[in-house]
Amino acid sequence: MRLILLGAPGAGKGTQAEILSKTLNIPTISTGNILRAAMREGTPVGLEAKTYVDAGKLVPDEVIINIVKDRLSKDDCRPGYILDGFPRTIPQAEAMEKLGIEVDCALSIEIEDDVIIKRMSGRRTCKNCSQTFHIVSNPPKIDGICDFCGGELSVRKDDAPETVKARLEIYHKETEPLKAFYEKRNRLVSVENQPSVEATTAEIRKVLGV
Ligand code: AMP
């Protein structure tokens with residue numbers, strides 16, 4: 001299964017990708033997580049990406065395409081993969097096709113902007129491993145501490161309300177047209193966001209037949 005997750009920032013792509021990754025036993029490739037790790041480590045890519053990511057803007061296509069190309073060439077991607085946060089623009093999707101990177105399904109999680117704005121204010125991200133939690137719908141076992149690695153949880157700079165609004169605008173302008181792109185190729189399926197993570201997972205499993 002080679003799957004793309006589409007949806008606005010805060011739609012729950014990362015959370016659902018992690019669940020599906022375990023169910024299907026294939027890796028999730030999250031370009032946001034790769035960039036945040038590069039920023040933490042202060043690599044040249046991380047330094048280049050930082051100003052864009054912190055402002056909620058998209059990192060240039062060439063940078064992202066190289067990251068994804070490199071990651072997908074690893075052995076663990078042979079049985080399949082889940083792309084979370086890529087492609088995010090039509091040129092990225094076209095570049096993927098040119099590189100021969102195949103997609104079986106582009107799954108779009110549909111959600112209203114105002115639900116996202118409320119949801120993002122409660123999101124907490126581990127400074128160490130990038131795992132995300134939500135203070136209401138998916139709280140960590142110990143307040144402020146990552147369940148998985150014990151790292152400190154914080155509000156991502158780009159989850160601040162003004163930045164979230166900017167990211168949503170970019171999503172509608174640059175990323176949403178990908179739905180039509182994959183619909184034309186008969187690859188698009190959609191699910192409505194549900195009130196709980198589990199209910200959304202159930203919808204996704206139904207449409208994917210897994
Ligand atoms: P995410 O964790 O997917 O919300 O990504 C966080 C940030 O990383 C985005 O707001 C962008 O600045 C950057 N980013 C992640 N994926 C991409 C992509 N495919 N193209 C451009 N920028 C990206």
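In what follows, the accompanying structure is described. Because the structure is predicted, anything quoted here is derived from the model rather than measured.

Its location among the elements puts His172 in helix 7 (residues 161-175). Polar contacts involving the side chain of His172 include one to the side chain of Glu176, which spans 2.8 Å.

The strand order across the open sheet formed by 5 strands is 2-3-1-4-8, and the pairing between neighbours is parallel. Looking at which strands have only one partner, the edges of the open sheet turn out to be strand 2 (28-30) and strand 8 (188-192). The mean angle between the axes of side-by-side strands here comes to 20°, regardless of whether they run parallel or antiparallel. In terms of strand pairing, strand 4 (residues 105-110) meets strand 8 through 5 bridges, oriented parallel. Bridge pairing in strand 8 places Ser108 opposite Ser190. Contacts from helix 2 (residues 31-41) reach strand 2 and strand 3 (81-84) within the one sheet, and its direction differs from that of strand 2 by about 60°. Packing against the sheet, helix 8 (residues 177-184) makes contact with strand 1 (2-6), strand 4 and strand 8, and its axis sits at approximately 150° to strand 1.

Another aspect to go through is the nonpolar core. Ile4, Leu72, Leu83, Met96 and Tyr182 are the most contacted members of the largest nonpolar core, which has 27 residues in total. Counting residues per element, the ones that place at least two in this core are strand 1, helix 2, helix 3 (44-55), helix 4 (61-72), strand 3, helix 5 (90-98) and helix 8. In terms of residues, this core owes the most to one element, helix 4, which gives 6 residues. Non-local contacts of Tyr182, meaning those with residues more than four positions away in its chain, are made with Ile4, Leu6, Pro87, Ala93, Met96, Ala106, Arg187 and Leu188. Ala8, Ala11, Ile26 and Ile116 belong to the second-largest nonpolar core, a separate cluster that totals 20 residues.

Geometrically, a packed helix pair is captured by the angle between its two axes and the distance between the axes. Orientation of helix 2 relative to helix 4, taken along the N-to-C sense of each, is 100°, at an axis distance of 11 Å. It follows from the interaxial angle that helix 2 and helix 4 lie roughly perpendicular. Of the residues in helix 4, those touching helix 2 at Thr31, Ile34 and Leu35 are Ile64, Ile67, Val68 and Arg71. In terms of residue class, the contact of helix 2 with helix 4 is made up of 5 nonpolar, 1 polar and 1 charged.

Sheet strands pair via backbone hydrogen bonds, and the direction of the pair is either parallel or antiparallel. In spatial order, the strands read 6-5-7; together these 3 strands make up an open sheet with antiparallel pairing. Two strands bound the open sheet, and with one partner strand each, they are strand 6 (132-134) and strand 7 (153-154). Bridge count between strand 5 (residues 123-126) and strand 7: 2 bridges; the pairing is antiparallel. Pairing of Cys126 across the sheet is with Leu153, part of strand 7.

In this model, Phe86 is joined to Pro87 through a cis peptide bond whose omega is -5°. Looking at the secondary structure, you find Pro87 in the loop between strand 3 and helix 5. In this structure, Ser130 takes a positive phi of about 75° despite not being glycine. Among the secondary structure elements, Ser130 is positioned in the loop between strand 5 and strand 6. Phi is positive for Asn186, close to 60°, though the residue is something other than glycine. Residue classification places Asn186 among the exposed residues on the basis of a relative accessible area of 68%.

Rules used in this analysis
- Residues numbered from 1 in each chain as written.
- Predicted model: local features only at pLDDT ≥ 70, side-chain atom pairs only at ≥ 80, totals over all residues.
- Heavy atoms only, no water.
- Helix = DSSP H or I, 4+ residues; strand = E, 2+ residues; numbered from the N terminus.
- Polar contact = N/O pair within 3.5 Å; in protein donor to acceptor, adjacent residues only side chain to side chain.
- Pairing = 2+ DSSP bridges.
- Axes fitted to C-alpha atoms, helices over the stretch in contact; angles between N-to-C directions.
- Contact = heavy atoms within 4.5 Å.
- Core = buried A, V, L, I, M, F, W, Y, C linked by side-chain atoms within 4.5 Å.
- Buried < 20%, exposed > 50% of the residue type's maximum accessible area, 1.4 Å probe, protein only.
- Parallel < 35°, antiparallel > 145°, perpendicular 65-115°, else oblique.
- Nonpolar A, V, L, I, M, F, W, Y, C, P; charged D, E, K, R; others polar.

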